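Descriptive analysis of the structure
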Amino acid sequence: MTRVKVLYDFSGEPNSSEISITVDEVLTVTNTDVGEGWWEGMNSRGQRGLFPAAYVETIPEAPSLPSGPPKMPPPPAVMTAQPVGVSKSGSQQTIGGGNRYDQTADDWGEQQDDWDDDWDDDNETYSEIGPGSSAAGRANGQTQSYHQQQPGVTSSYYANANLPAPPPSDGDTMSLASVATTVGGGRSRAAGTGKIFTKSGDNYLIGMPVPDVSEADRVHVLLMEHGIVWKPMRDSYTVSVDSPKKEKKFNGLKSFIAYQLTPSFNNIPVARRYKHFDWLHERLVEKFCLIPIPPLPDKQISGRYDEEFVEHRRIQLQEFVDWMCRHPVLSTCGVWMHFLTCTDEKKWKTGKRTAEKDPLVGTMFCASVFPPEKTLLQSLVEPQVEAAGQFVPQMDAAVKTLFAICGDQSKKFQVQWKKEYQRIGEGFSELARALAVDERRAVTPLSMSSSVGQAAGVFISIGQLFGEQPKHDFIPFSDRLHIYRGLLAGWPDTLGEYRNAVQKRKDCERLTAEQKMENGQMQEVTRRVDVMSYALLAEMSHFREERDTHLKDTIRNFIGAQIDFYKSIVQKLEQAQTHF
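Residues numbered from 1 in each chain as written. Predicted model: local features only at pLDDT ≥ 70, side-chain atom pairs only at ≥ 80, totals over all residues. Heavy atoms only, no water.

Of regular secondary structure, the protein possesses 14 helices and 15 strands. Across the 580 residues in the protein, those meeting the buried criterion constitute 45%. Restricting to contacts in the protein with at least 6 residues of sequence separation, those with at least 24 account for 70%. Put simply, the protein shows about 30200 Å² of open surface, and 53% of that area lies on carbon and sulfur atoms. (Helix = DSSP H or I, 4+ residues; strand = E, 2+ residues; numbered from the N terminus. Buried < 20%, exposed > 50% of the residue type's maximum accessible area, 1.4 Å probe, protein only. Contact = heavy atoms within 4.5 Å. Areas by Shrake-Rupley, 256 points an atom, 1.4 Å probe, with all protein chains shown as cover.)

The structure is reproduced here in structure tokens:
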């Protein structure tokens, strides 16, 4: 069995199938087919349960000397649309030591929710390992890249694409295909990131032919007095995420939550499940290399039908949708509009396949960007890129700190301070009962015990206010901070992609100086890096403007909720004071 080492602490939810793990602990993996990024395993104490697969790393097995003839390698793994908990042979599997067939229909549906597409043939969607396949992305642990859709940049590329081969080079001048190999070999790693700079990036940068871009797919960058920006949206719109509803199919065996999305431009609602959002997010991340994509709510296995969890997920989905609607590029892209408007099953499948085969993904997306003709001075671009590289980790750390504070404060309000004020109220209640004993033997004009009892009730109600308050300030605040946790995590890859393009240009300049690359090719490389510069600066400008507006609104609402809360406490205390 596979052994893994724990990289991060994780606290399993009490009374669930999850297991708590600690850094450097060694686990034995018993099942990797749980789904949604979870594995099942057992620790050294024999405890068994679920844990996040991203929190561990596989321990390589020590090589052993062969004792006989070499064995045939196992066939490549192919993900198929099997129900989670059922093996390929149909045998039962267990989660946390329990028989999966002992679970209720809702539990079964809860485990399967994001892996079974009710709008697609499962054998088409999850059995194929190829470009755009969700299964392929999950099996490889990363989004499929455009270079996997295209043959290598050789003579076979032109033959397969029915294109004429490039003319032979003169003297020592290198052909485009040779340049692709020389300046990166088709696969190089973006500096400072774990992201592979794929063949699509090389193809685009060194001037290889790019797919035709329709007018609808063109993205324009403008040079304004206040800086470089995306062309503003012509017609802004909003989308509401409402009416989460638990639905069933397969005679109740399968359950899921469907959310109703209603765009303001047509007021036609569409039903979307979380897994549809997940598919959309994969397509967006794959397509837009220079635009960080807002995150979705975190995935969860247990308690997904709890009313409180469903509402919390709806709120975070609304945050995702709102950010998308406000972005000049994302809000008009084809896959997003297909997601918002398609209500027909056949059209959904067609649009889904089209999005998964989109050639304008990764760095090749820049072929659809049309900036001003003016050449940008790199001396003006580089300082802004370096400043962004310093800003992102600092803001990321600040957001994580505030996010943790929100969680701590919510717990204190809901548990600690609620109990403290209730204790105060109980103390006054005890005093009121004692006074009442004495008042029975003496006639007094005013009942002191009654006044004290009223004060006790006030403090108990203040405790209730503390318990309810996080729903009005700290939890909404953390929900809005959640959007930055994903966006800021995407910026290092975005900046790394751009830095890699700059390095490619420097490599080409060296080749040109050595007369191994034609001047015309070098000019085209420079132009395309310039396009990426415009796109990056436009996105940085949009993020800055959106961030300031979004944070200002978020903090204003948070402080306003705090003001209302403490005002209500003052009013209750003043009410208690009138009894004395």
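Once that is clear, we can look at the sheet that holds strand β13 (residues 254–263). Two modes of strand pairing occur in sheets, parallel and antiparallel, and in both the strands are linked by backbone hydrogen bonds. Spatial strand order, β12-β13-β14: 3 strands in an open sheet with antiparallel pairing. The open sheet has two edge strands, β12 (239–249) and β14 (270–273), and neither has a second partner. Along the sheet, successive strands turn relative to each other by an average axial angle of 35°, direction set aside. (Pairing = 2+ DSSP bridges. Axes fitted to C-alpha atoms, helices over the stretch in contact; angles between N-to-C directions.)

With that settled, consider the packing of helix α11 (residues 378–439) against helix α13 (residues 474–513). Running from amino to carboxyl end, α11 crosses α13 at an angle of 155°, the nearest separation of the two axes being 8 Å. For the element pair α11 / α13, the angle class is roughly antiparallel. The crossing of α11 and α13 is left-handed. (Parallel < 35°, antiparallel > 145°, perpendicular 65-115°, else oblique. Left-handed = near helix turned anticlockwise from the far one by under 90°.)

The next point concerns the layout of surface pockets. Reported here for the second largest pocket is a volume of approximately 990 Å³. Contributing to the lining of the second largest pocket are 39 residues, with Ala216, Asp217, Arg218, Thr332 and Cys333 lying nearest its centre. Mapped onto the lining of the second largest pocket, the elements with two or more residues apiece are β10 (219–224), α7 (274–287), α9 (334–341) and α10 (345–356). A total of 4 residues in the lining of the second largest pocket trace back to one element, the largest contributor, which is α9. Split by residue class, the lining of the second largest pocket holds 19 nonpolar, 9 polar and 11 charged. (1 Å grid on protein atoms, 1.4 Å probe; cavity = no way out; pocket = protein on both sides within 12 Å on 5 of 7 lines; lining within 4 Å. Points joined across faces, edges and corners; volume = space filled by probe spheres on them. Nonpolar A, V, L, I, M, F, W, Y, C, P; charged D, E, K, R; others polar.)

Here we come to the pairing of β10. As paired strands, β10 and strand β15 (residues 369–370) are joined by 2 bridges and run parallel to one another. Opposite His220, over in β15, you have Phe370 as the bridge partner. Linking two consecutive strands that pair antiparallel, namely β10 and strand β11 (residues 227–230), is a turn of 2 residues.

Now for the packing of aromatic side chains. The geometry of an aromatic ring pair comes down to the distance between the two centres and the angle between the two planes. Overall, the coordinates contain 24 aromatic pairs when judged by the stated rule. Each ring, one from Tyr8 and one from Tyr55, has its centre 5.7 Å from the other, and the planes form 80°; the classification is edge-to-face. Of this pair, Tyr8 sits in the loop between β1 (3–6) and β2 (26–35) while Tyr55 sits in the loop between β4 (48–52) and β5 (56–58); the two residues are 47 residues apart in sequence, bridging distant segments of the chain. We classify Tyr8 as partly exposed; its relative accessible area is 48%. Of the residues examined, Tyr55 reaches a relative accessible area of 29% and is grouped as partly exposed. Plain terms: the ring middles of Phe413 and Phe466 are 5.2 Å apart, the flat faces sit at 40° to each other, and that makes the pair tilted. Of the two residues, Phe413 is situated in helix α11 and Phe466 in helix α12 (residues 448–468); the sequence distance between them amounts to 53 residues. Comparing Phe413 with Phe466 shows no difference in burial state: the two are buried. Here the aromatic residues Phe413, Trp417, Tyr421, Phe466, Phe474, Phe477, Phe558, Phe565 and Tyr566 are joined through ring pairs into a cluster of three or more. The positively charged end of Arg485 is found above the aromatic ring belonging to Phe403, 4.0 Å away from the centroid. In this structure, Arg528 packs its charged tip against the face of Tyr204, placed 5.1 Å from the ring centre. (Phe/Tyr/Trp six-rings, centres within 6.5 Å; stacked < 30°, edge-to-face > 60°. Lys NZ or Arg CZ within 6 Å of the ring centre and 35° of its normal.)

To continue, consider the pattern of salt bridges. For the structure on display, the rule yields 26 salt bridges. Glu215 is the salt-bridge partner of Arg218, the closest N and O atoms lying 3.7 Å from each other. With a shortest N-O distance of 3.0 Å, Glu356 and Lys352 are connected by a salt bridge. With Glu356 and Lys352 both in helix α10 and 4 residues apart, this pair spans about one turn of that helix. With respect to class, Glu356 is no different from Lys352; both count as buried. A single salt-bridge network, built from bridges that share partners, covers Glu319, Arg480, Asp553 and Arg556. (Salt bridge = Lys/Arg side-chain N within 4 Å of Asp/Glu carboxyl O.)

A separate point is the sheet that holds β2. Spatially, β4-β3-β2-β1-β5 is the arrangement adopted by the 5 strands of the open sheet, whose pairing is antiparallel. Looking along the sheet, the strands with just one partner apiece sit at the ends: β4 and β5. With strand direction ignored, the average angle separating the axes of adjacent strands in the sheet is 45°. Here β2 pairs with strand β3 (residues 38–42) via 4 bridges, running antiparallel. Its bridge partner lying in β3, Asn31 is registered against Glu40.

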